[in-house]
Amino acid sequence: MLLKPSTLHSSITRALAIGTCMTIGFAASAQEAEPTEGKGLVEKITVTSQKRVESLNEVPVAVSVLREDQINSAFASNIEGLQALVPSVSFRKGNTTRNSAITIRGIGTISFSVAAEPSVSTVVDGVVLGRSGQAFVDLYDLERIEVLRGPQGTLFGKNASAGVVNITTKRPSDEFEGTAEVSLFQDNEYRLKTSVSGALNDNVSGSLTVLKSQFDGYIKNVYNNEMTNGYDKEGMRAMLDIEAGNDTDVLFIFENMQSNDNCCADLELSPSGRHPDSAALPDSTGTGDLDLDQRLIDHDFETRTIDETTGFSVQVDTMFGDHQFTSITAYRDWDNTEYREGDFTSTAGTRPFPVFDEPFQLHDVGAQNWKQTSQEFRIASPLGNALDYQLGAFWWTQKSERNFTRDASCQDNAGQFSSAISSYLTDTFGIEDPTDDQINQYIADESLSCNSNDIVSATAYMETQFDNWALFADGKYHVNDDLRLLFGIRYTDDEVSYSHIRSSNDQYSRTGVGVRSAETDFSGSTSETNVSGKLGLQYDLTDNSMTYFTYSQGYKGPAFNVFYNMSETDTLPIGEETSDAYELGYKYAGRDFIFNAAIFRTDIDGFQANNSELLDGVTITRLTNAGSVTTQGVEFDFMWQATDNLSITGGLSKVDAEVDEFLCPVTDTECTGSSGADLPFSPDLKYSVTGEYIWELENMNIILNGSYVYTDEIFAGAPGSSAEEDIAALLPDYALLNASLAFSFQDDDYRISLIGKNLTDESYVTTYSGDNFRYQIPRDADRYFGVQLRAKF
């Protein structure tokens, strides 16, 4: 029997992956050294997923952990590269960091509104980020990343209705140490990092990390023969850890990260028909056969993101009797400016013919600033009593300002030009209800037109403010030595307010493609309170295994659909999103094997989601309370210290996330509301396995690391549609095989790593951007190689 090309390619990929794992295994069998004391044990993993330092396998929560060594071995510069190692997590890549999003178990908020918040909370060193995009620029000096799956509202509260990505950076060391690291990759990509850490006196330790990275890009723009989709980043993080006496510790953290990225341009993987003579045409018939080898664009306006984030926090830990008191005070400032090519051609807007028979120009520039301040107080009881508990209070406020300008070709497919001139004659000359002859005569006298090469624009000024405060309690009652009762409750008060002012920059207020000429002066506010809780049982089956069952409620606050083309129908508030989650879990921790598994189901009402619409010739998305959705499935992950020198980790997620009932916006007459359809960015199956083998030689160690990640096909359209209705939004499955070979000297003081990414050169796409032809292809969709040099001192 002959195999189809896709089946053959998939078989070859899996065979290579299995071969790599077998190679590591045979090497382990052939060269296994005599066991020595203390070797062959799985490293104990501690987490702060319950806001206490606890062992991973004692926490009654489904949580995946990426340790420092796993993060370093992935050689990934941002969370997009790391999410592949966590099967329950997916990443939606946008043109800019502010439009990118994380989903967990198929649940996440993908929205362009400035008055909406994510469903997945991103927490860095105990500080909740208002938008996850602040953490997408770069990752460095990490101790671990914890991914908490399912609603985590009791302890984390804000925006944790789908889960939490909890990032912990490395603390200053007590003894002086330093690291210098240089990473070089093909296509002129480099990353430089240096850090120093140590004691400044008997009571104070500090650390400083500085990084610089640059990449020309992997997409060629045939318009100017330059590379794009690269980056230019630099940043620093400084910490000061003070032992203030009387069991008091004070931690100061300051960080600043800047980036200027010519990223991320949409690629034309299916024919758009907008520039049929372009050298960047895809090799596709337009019938669902995406050109996954496409690495060319033909754009006369560069898509670019300029980003700067600054953060400062103070954490105080002290003892009140036998109780621990924690205070975290934080301030963050984030500036993000996007430049976006919206017509995706280099020839649009150049000729005097009316759209849409003629290609139109559409260029966007949008700047936004966020300022957030937060304060959290917690008091935790000592462990070991019948009742373990935490009590806390949380306050958070965020203000944002955004101005967004769109320059686009004039649009006159429905009489918009005459209507604009009529209004101009009335407003300027006082001519009431001008006749057609008067309008046409004025147009002729002033030599006016409304063609593709007549560029008009409008600017929208938007402001939002989020205010949130909460009280919470979380606890565990030990019924006996093996059985514990779990409980938690949180009271939340949310308030959201906004203003939106849009004005035309065109003298005659002509309408453009995607440019509404109607001026706005909207404002509004809404508030909501919520009480959410958690109940559960935890039971120790043996000394090294336990099971748990939890029922927890999730809550995400209200929102508004505040975006550039906002209209009167968008001024109504978007209601709260609530969820009920059920989870049955099992955890085992042996001498050389750790295994965690969970079966879950989450029912969500008032799901906040985007619905795509065609407005003024451009596809837009409207945030709505889309109805009810359900996600359910099974997950597991493991760590196995197979021999003293061989370790294997892996995980699998089997998720069914679908729409139960979709409520179409009243403004969208084309919406069908496909109940039963898959939620976007929710692969039914995703799994990964990583192996590492260490050859211990006399003068050095050789470390072989390999990883294999499989991601099932993904529906990337709006929740109101399905793959059958929107075949362009169905992204094919793919598998990645990465490997590295490292040479370590002098107890790992010096290490040289040879790096291979996507060894099978399997191209894939991660995001469908709309219009039946626009997609995002990541850097890792190509095979490339690199080397990293690291020295400790």
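Preceding this paragraph is the structure being described.
Residues numbered from 1 in each chain as written. Predicted model: local features only at pLDDT ≥ 70, side-chain atom pairs only at ≥ 80, totals over all residues. Heavy atoms only, no water.

1. A few points about the packing of helix 5 (residues 416–429) against helix 6 (residues 436–445)
One can describe the packing of helix 5 onto helix 6 by two numbers: an axis separation of 10 Å at closest approach and a directional angle of 90°. Overall, the two elements helix 5 and helix 6 adopt an arrangement that is roughly perpendicular. The segment helix 5 lies against helix 6, with Phe417, Ser418, Ile421, Ser422, Tyr424, Leu425 and Phe429 engaging Gln438, Ile439, Tyr442 and Ile443. A breakdown of the residues in the contact of helix 5 with helix 6 according to their chemical character gives eight nonpolar, three polar and no charged. (Axes fitted to C-alpha atoms, helices over the stretch in contact; angles between N-to-C directions. Helix = DSSP H or I, 4+ residues; strand = E, 2+ residues; numbered from the N terminus. Parallel < 35°, antiparallel > 145°, perpendicular 65-115°, else oblique. Contact = heavy atoms within 4.5 Å. Nonpolar A, V, L, I, M, F, W, Y, C, P; charged D, E, K, R; others polar.)

2. So, the nonpolar core
Counting residues in hydrophobic clusters, the biggest one holds 40 residues, and the most contacted among them are Phe156 and Val562. At the level of secondary structure, the elements contributing two or more residues to this core comprise strand 3 (63–67), helix 4 (153–156), strand 22 (387–409), strand 23 (455–478) and strand 24 (483–504). No other element matches strand 23, which puts five residues into this core. Discounting residues that sit within four places of it in the chain, valine 562 has contacts with Phe112, Ser113, Val114, Ala115, Met462, Tyr498 and His500. The next biggest cluster of nonpolar side chains, apart from the first, holds 35 residues, and it includes Val120, Leu139, Ala609 and Phe662. (Core = buried A, V, L, I, M, F, W, Y, C linked by side-chain atoms within 4.5 Å. Buried < 20%, exposed > 50% of the residue type's maximum accessible area, 1.4 Å probe, protein only.)

3. Description of unusual backbone geometry
In this structure, cysteine 264 follows cysteine 263 across a cis peptide bond, with omega equal to 10°. With an omega of 15°, the peptide bond running from valine 355 to phenylalanine 356 counts as cis. Secondary-structure assignment places phenylalanine 356 in the loop between strand 20 (323–341) and strand 21 (362–380). Of note, aspartate 187 is a non-glycine position whose phi angle comes to about 65°, a positive value. Turning to its location among the elements, aspartate 187 is positioned in the loop between strand 10 (177–185) and strand 11 (189–199). One non-glycine residue with positive phi stands out, namely aspartate 748, at about 70°. Secondary-structure assignment places aspartate 748 in the loop between strand 37 (734–745) and strand 38 (750–757).

4. A few points about the sheet that holds strand 40 (residues 774–776)
Taken together, three strands build an open sheet; the order of strands is 17-40-39 and the sheet is antiparallel. Two strands in the sheet have a free side with no partner beyond their single neighbour: strand 17 (267–268) and strand 39 (767–770). Across two bridges, strand 17 lies against strand 40 in antiparallel orientation. Bridge pairing in strand 40 links glutamate 268 to arginine 774. (Pairing = 2+ DSSP bridges.)

5. Some remarks on the state of the cysteines
For the coordinates displayed, the defined rule picks out two disulfides. What pairs with cysteine 263 in a disulfide is cysteine 264, and their sulfur atoms sit 1.9 Å apart. Taking the sign of the torsion about the S-S bond as the criterion, the disulfide between cysteine 263 and cysteine 264, at about 85°, is right-handed. Accessibility assignment for this pair places cysteine 263 and cysteine 264 in one class, buried. Each disulfide pairs two cysteine sulfurs, and for cysteine 410 the partner residue is cysteine 450, the sulfurs being separated by 1.9 Å. (Disulfide = S-S within 2.5 Å.)

6. Here we look at the pairing of strand 12 (residues 204–215)
Pairing between strand 11 and strand 12: eleven bridges, direction antiparallel. Bridged to lysine 193 within strand 12 is leucine 211. Connecting strand 11 to the antiparallel partner strand 12 that follows it, the hairpin turn spans four residues.

7. Overview of the pattern of salt bridges
Applying the stated criterion across every chain yields a total of 33 salt bridges. The salt bridge partner of aspartate 364 is arginine 340, with a shortest N-O separation of 2.9 Å. Of this pair, aspartate 364 sits in strand 21 while arginine 340 sits in strand 20; the two residues are 24 residues apart in sequence, bridging distant segments of the chain. Note on accessibility: aspartate 364 and arginine 340 belong to one class, buried. (Salt bridge = Lys/Arg side-chain N within 4 Å of Asp/Glu carboxyl O.)

8. Section: the pairing of strand 6 (residues 120–124)
Counting buried residues in strand 6 gives five out of five residues, a clear majority hidden from the surface. Every second residue of strand 6 is oriented toward a common face, with Val120, Thr122 and Val124 on one face and Ser121 and Val123 on the other, all of them buried. Bridge count between strand 6 and strand 9 (residues 163–169): five bridges; the pairing is parallel. Following the sheet pairing, serine 121 is matched in strand 9 by valine 164. Here strand 6 pairs with strand 7 (residues 127–128) via two bridges, running antiparallel. Of the residues in strand 7, the one forming a bridge with valine 123 is valine 128.

9. Here's the deal with the sheet that holds strand 8 (residues 142–149)
In any sheet, the strands associate via hydrogen bonds between backbone groups, in a parallel or an antiparallel arrangement. Read across the sheet, five strands follow the order 3-8-9-6-7 without closing on themselves; strand pairing throughout is mixed. Single-partner strands in this sheet number two, and they are strand 3 and strand 7. Note: strand 3 against strand 8, five bridges, orientation antiparallel. Bridging across to strand 8, serine 64 finds its partner in valine 147.

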